[in-house]
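Reading the structure
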Amino acid sequence: MPTQTNRRDWLKQNSLAALALGFALPSMANEEGLLRSFGAAEGFINLGSNENPYGISPKAKEALLGMLTEAHRYQFNVASLQGFTKQLSSYYQVGADQVLITAGSGDSLQMLARHFSKGNLVTAAPTFATLPNTAKKIGTKVIEIPLTVDKIHDLPAMLRAINSETQLVYICNPANPSSTIIPPGVLENFCIEASKKAMVVIDEAYIDFLNTPDNRSMIGLTHQNPNIIVVRTFSKIHAMAGLRVGFIAGHPTTINLLDENYFRNSQITVSNLTMAAAAASMKDEAHRESCKQKNAAARQYTFTALKEMNIKCIPSYTNFLFFPLGKYPGDFAQDMFKKNVILRSNNYADGKWARVSVGTMDEMKQFIGIMKADWKA
Ligand SMILES: Cc1ncc(COP(=O)(O)O)c(C=O)c1O
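Residues numbered from 1 in each chain as written. Predicted model: local features only at pLDDT ≥ 70, side-chain atom pairs only at ≥ 80, totals over all residues. Heavy atoms only, no water.

As a further point, take the packing of helix H4 (residues 104-115) against helix H5 (residues 130-137). Between H4 and H5, the least distance of the axes is 8 Å, while the angle of their chain directions is 35°. Viewed along their axes, H4 and H5 form a crossing whose handedness is right-handed. Between H4, through Gly 106, Leu 109, Gln 110, Leu 112, Ala 113 and Arg 114, and H5, the contact on the second element is made entirely by Thr 130, Leu 131, Thr 134 and Ala 135. (Axes fitted to C-alpha atoms, helices over the stretch in contact; angles between N-to-C directions. Helix = DSSP H or I, 4+ residues; strand = E, 2+ residues; numbered from the N terminus. Left-handed = near helix turned anticlockwise from the far one by under 90°. Contact = heavy atoms within 4.5 Å.)

Tallied over the full model, the rule gives eight salt bridges. With a shortest N-O distance of 2.6 Å, Arg 216 and Glu 188 are connected by a salt bridge. With Arg 216 in the loop between strand S6 (199-203) and strand S7 (228-233) and Glu 188 in helix H7 (residues 184-194), this pair connects stretches of sequence that are 28 residues apart. Note on Arg 216: relative accessible area 42%, which makes it partly exposed. What makes Glu 188 partly exposed here is its relative accessible area of 22%. In this structure, Glu 204 and Arg 232 form a salt bridge, with 2.9 Å as the shortest nitrogen-oxygen distance. Note that Glu 204 is positioned in the loop between S6 and S7 and Arg 232 in strand S7, a separation of 28 residues in sequence. Each of the two residues, Glu 204 as well as Arg 232, counts as buried. Sharing partners across several salt bridges, the network here consists of Glu 204, Asp 208 and Arg 232. (Salt bridge = Lys/Arg side-chain N within 4 Å of Asp/Glu carboxyl O. Buried < 20%, exposed > 50% of the residue type's maximum accessible area, 1.4 Å probe, protein only.)

Taken together, seven strands build an open sheet; the order of strands is S2-S8-S7-S6-S5-S3-S4 and the sheet is mixed. Of all the strands in the sheet, the pair left with one neighbour each is strand S2 (99-102) and strand S4 (141-146). Each strand axis lies, on average, 20° off the axis of its neighbour in the sheet, ignoring direction. By the bridge criterion, five bridges tie strand S5 (residues 166-172) to S6 in an arrangement that is parallel. Looking across to S6, one finds that Ile 171 is bridged to Ile 202. Contacts from H4 reach S2, S5, S6, S7 and strand S8 (246-249) within the one sheet, and its direction differs from that of S7 by about 150°. (Pairing = 2+ DSSP bridges.)

Function cannot be inferred from these measures alone, as they are strictly geometric.
Encoded structure:
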């Protein structure tokens, strides 16, 4: 084990090796294989995982501490938690039989990939990799439809790609890593059409960063349609990435089917501490609004500063920015890592791109300072 003094170098060496592994993966949105057990204490600015830098709601913190006295109990034996599914369902205006709680949404996505593994999967490229990569690992054919030049989902092409073997269609809206959105009316029509042929999964991890009217969830479609599923997480606007809670919203028949096959088990994986925090966080609208405003300000600052350097970010609707690296000569993420900034970069068919999470204003100012000192393209 490293001593305190050489801990930072040790972390760097190991992390660079891990990053090398990570970048061999098809999408930088895939978090697997990356060693990231470091942070501000080691002097890094971590802009690699689209976390919310403002921390959990003070109400969630209080609820977590309050639940410590029940830490020896299973969550189903804690009276105050028996209403959590109901709280979720009333907030999102669906029946309690339309919600399944999971350990983060990554848990949902992996299980959906395993459940719908008989035919092929239609999705975008690039997209958030957990579901497509799980599908690939278990042998499901993945049909990847490139984003348009503006890095938006090409829905007509995706519809055309659905064939008689397609079991699942996965769309991340807002999209990761590209940070773009599909207007709700357009996405709704797509869901209705595609769901005539396959199960459609809409991943709304970043939807809470959107303003009206773009922030309309597809959850409403699940009342009537057993072929539409929405996946949500508490990791982003609620800042609860380390606590691990998310959920699936779907038609009661679909939820029951999934519950029978996998999910009763998975619900046991969400701790009573986590659920107490999530329940309290849902009641703290002001904290979410404050995170959203601060994110928008830091995002605008970064977008403008990069533009002044002639780096044209894709207009972002999320808590991260996606930008082309042009003729950048080396491995951008590794070079930035050596300067203590963690972000992602990857080679795509149309060139090299980077994704940087929006941290605090102070972090983004430091990031821009480093960019200005070293930008090579
Ligand atoms: C689009 C998208 N979906 C799902 C997840 C998984 O998040 P979690 O498992 O923390 O809920 C992420 C994480 O970054 C994401 O970007």
